Amino acid sequence: MYVSGLKAAFGILFLVLTAEGDSYHKPRVRQAEQNEYNHGRLLSRRSINGKNVVEDAEFWRKQGQDTLAEQLSITNRPIERAAKNIILFLGDGMSNPTIVASRIYKGQLEGKPGEETELEFEKFPFTALSKTYCVDSQVADSACSATAFLCGVKTDIDTIGIDANVIENNCSTQNQPENHVDSIMKWAQDVGKATGIVTTTRITHATPAGAYAHVANRNWESDRDVLWNGADPTVCDDIAEQLIKNNTGKNFKVILGGGRRAFIPASEGGSRNDEVDLTSLWEEMREAEGVRYTYVRNRTELLNVNTQSTDYLLGLFSRSHLEYSIDKGEMDEPSLEEMTQAAIDILSREPNGFVLLVEGGRIDQAHHDGRAKAAFEELLEFEKAVIYASTKTNEQDTLIIVTADHSHTMTINGYPERGNSIFGIASYSDIDLLPWPTISYANGPGYRRPLENGSRVDITNDDRENKNYKPIATAPDTSESHGGEDVTIYARGPQAHLFQGVYEQNYIAHVIGYAGCMGPGLHFCDAGTNNGTSLIFSAHYNIILYIIVFVVKLYS
Ligand SMILES: *[C@@H]1O[C@H](CO)[C@@H](O)[C@H](O)[C@H]1NC(C)=O
Ligand SMILES: *[C@@H]1O[C@H](CO)[C@@H](O)[C@H](O)[C@H]1NC(C)=O
Ligand SMILES: *[C@@H]1O[C@H](CO)[C@@H](O)[C@H](O)[C@H]1NC(C)=O
Ligand SMILES: [Zn+2]
């Protein structure tokens, strides 16, 4: 009774207060005023987490000036060199709202209000926006988007490593070499750089497959999948097979992720009808090459790998995707950070440098499940991998790019107070007087059917901080969908300054090719302003010198 009385009181307050003034920006009735969800702390405009925080004019002027002075003190940018190493960090489904919410969540875990937190890649000097739509789709999936940022070519949804001439599910068009597009990994291998892929999803999932496969359907991860889809696996090679046997895939020095089942015979619990054990084949191939190799299946084995004496590393840590980091507990499965560490430690021994793809693949899947908190934890795990890479590599020779393939439908909305839990209640409706949360989805499993009287479900007493909690969604669906807004590109290192604007997503691969001096198209090493101008300059300089010598001789 008390609660509904309170709601009624809010309602009356709204009616009174909204009668005048700006009807778009009404007086805000916030959850914080109910003193319930701010980790037990009552927040007010002047007191954040119990501290009297004075963020007055002086504070913000100093903040602005400090940032400005820091920017003005930077003298070594842009870095006009070729990139010896390139690391592409791909946060699958890492939309801008996901980044903001994870940043707030991280700060709140540290006992701060949260909004002011800065993630590692947000400190990178150059940023841009990436337009993610595909040839036939307003909103991208990970297959067409991987083809864009890894191969430099946009294509149709659900297809990988081929252009839009391929008909989805059509084997004969998949096999036509003229329809294939090569990835940055192929370009790198062609100029003698080492290559590797790391992911928390199945290694045959869309994003990593973009680095090596050519398929007319992203689901063709094993020969059984091809068959199930009504296509002929003897005509169309599945993704796992392409990884182990075909060019590009077979040359990777580091392959770490999940998805063991697509590499194991069906009779041994895998999903290969052809009964080929592709992991054994990988080992036989390395043995024949006489190189130092290791195949590992769990975290213990990975951490025991001597990265100084291993040249080829295959790690398949799960039948399917790796576990969400929030659910992992004591499982013997490595984190994304640990896999990234092994990859960089092995690849950084390469004299000609390396190209590495690291995917935080399950930010996306946690969103699909409507599990916002699990998504934020995945993003923070992804950030740890970025921290390792940025501390272990040299900005002068290593280009690091952090980006996403597409957005999701999660928003941060309402007018929650500063420092309010990111899982808290944001505002109360002035129509039905019920609350809504800061985090919600446009569609997905978080949908709640209205009550019999037609009223919305009241989420006031939901356990919204629970790791399995699904914030409300407007439309019901078993899997929340991707979003179509631009995603951000963060970059540091050689040629990172080529990311300053709004670009088509496929541009990313072109910058990588230019910076690494590999693949088709422009290369810094050939057309680089340094080499070019200094040659021209020295030619002019020599002519001037001759003239001076000539004139001096003439008059002496
Ligand atoms: C695949 O595409 C080709 C060329 O358009 C066509 O001739 C063929 O019938 C298609 N095959 C299937 C199985 O759809
Ligand atoms: C993989 O390699 C085999 C053998 O060289 C070749 O026949 C096949 O076309 C290749 N598959 C793709 C998708 O490139
Ligand atoms: C890790 O994998 C190896 C090889 O499959 C196995 O022998 C070992 O028992 C596993 N370790 C743990 C802790 O599961
Ligand atoms: Zn997805």
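Above this note sits the structure.
Definitions and limits used
- Residues numbered from 1 in each chain as written.
- Chains lettered and ligands numbered in written order.
- Predicted model: local features only at pLDDT ≥ 70, side-chain atom pairs only at ≥ 80, totals over all residues.
- Heavy atoms only, no water.
- Helix = DSSP H or I, 4+ residues; strand = E, 2+ residues; numbered from the N terminus.
- Buried < 20%, exposed > 50% of the residue type's maximum accessible area, 1.4 Å probe, protein only.
- Contact = heavy atoms within 4.5 Å.
- Donors = N, O, S within 2.8 Å, 3.2 Å for Na, K, Ca; no water.
- Tetrahedral: all angles 85-135°; square planar, octahedral: opposite > 155°, others 65-115°.
- Pairing = 2+ DSSP bridges.
- Phe/Tyr/Trp six-rings, centres within 6.5 Å; stacked < 30°, edge-to-face > 60°.
- Expected span 1.5 Å × (residues − 1).

1. Topic: the environment of Ile162
- Tracing the sequence through the fold places Ile162 in the loop between helix H4 (142–151) and helix H5 (171–174).
- Overall, the relative accessible area of 0% leaves Ile162 in the buried class.
- Along the primary structure Ile162 and Asn175 are separated by 13 residues, whereas in three dimensions their C-alpha atoms are 9.5 Å apart.
- Every residue in contact with Ile162, bar those within four places of it in the chain, is listed here: Thr147, Thr155, Asn179, His180, Val181, His214, Val215 and Ala216.

2. Notes on the coordination of the zinc ion (ligand 4)
- Those protein atoms acting as donors to the zinc ion (ligand 4) are Asp364 (OD), Asp364 (OD), His368 (NE2) and His482 (NE2), and they sit at 2.1 to 2.3 Å.
- Coordination at the zinc ion (ligand 4) is irregular: its four donor atoms span angles of 57 to 146 degrees at the metal.
- Each donor residue of the zinc ion (ligand 4) lies on one chain, and together they are spaced D-x3-H-x113-H. In this pair, Asp364 sits in helix H13 (residues 362–368) while His482 sits in strand S17 (residues 482–483), placing the two residues 118 residues apart along the sequence.
- Of the residues examined, His482 reaches a relative accessible area of 15% and is grouped as buried.

3. Things to note about the pairing of strand S18 (residues 487–492)
- The buried count for S18 comes to six of six residues, which makes it a mostly enclosed element.
- Judged from the five bridges that link them, strand S4 (residues 126–131) and S18 form a sheet pairing that is antiparallel. Each bridged residue has a counterpart across the sheet, and for Ala128 the counterpart in S18 is Ile489.
- As judged from the three bridges shared by strand S10 (residues 398–404) and S18, these two strands associate in the antiparallel manner. Looking at S18, one finds that Ile401 is bridged to Ala491.

4. Examining the packing of aromatic side chains
- Summed over all chains, the structure comprises twelve aromatic pairs.
- Between the aromatic rings of Tyr105 and Phe423, the centroid separation amounts to 5.6 Å while the plane-to-plane angle is 75 degrees, which identifies the pairing as edge-to-face. Of this pair, Tyr105 sits in helix H3 (residues 96–109) while Phe423 sits in the loop between strand S12 (410–412) and strand S13 (425–428), and the two are 318 residues apart along the sequence. Summarising the burial analysis for this pair, Tyr105 and Phe423 share the class buried.

5. Considering the side chain of His205
- As for its placement among the helices and strands, His205 is situated in the loop between strand S5 (194–202) and helix H7 (206–209).
- In this structure, His205 is in contact with Arg218, Glu221, His321 and Gln365, ignoring residues within four places of it in sequence.

6. Notes on helix H14 (residues 372–392)
- For H14, built from 21 residues, the straight-helix expectation of 30 Å at 1.5 Å per residue is met to within 8% by its first-to-last C-alpha distance of 31 Å.
- Burial analysis of H14 places 16 of its 21 residues in the buried class, which makes it a mostly covered element.

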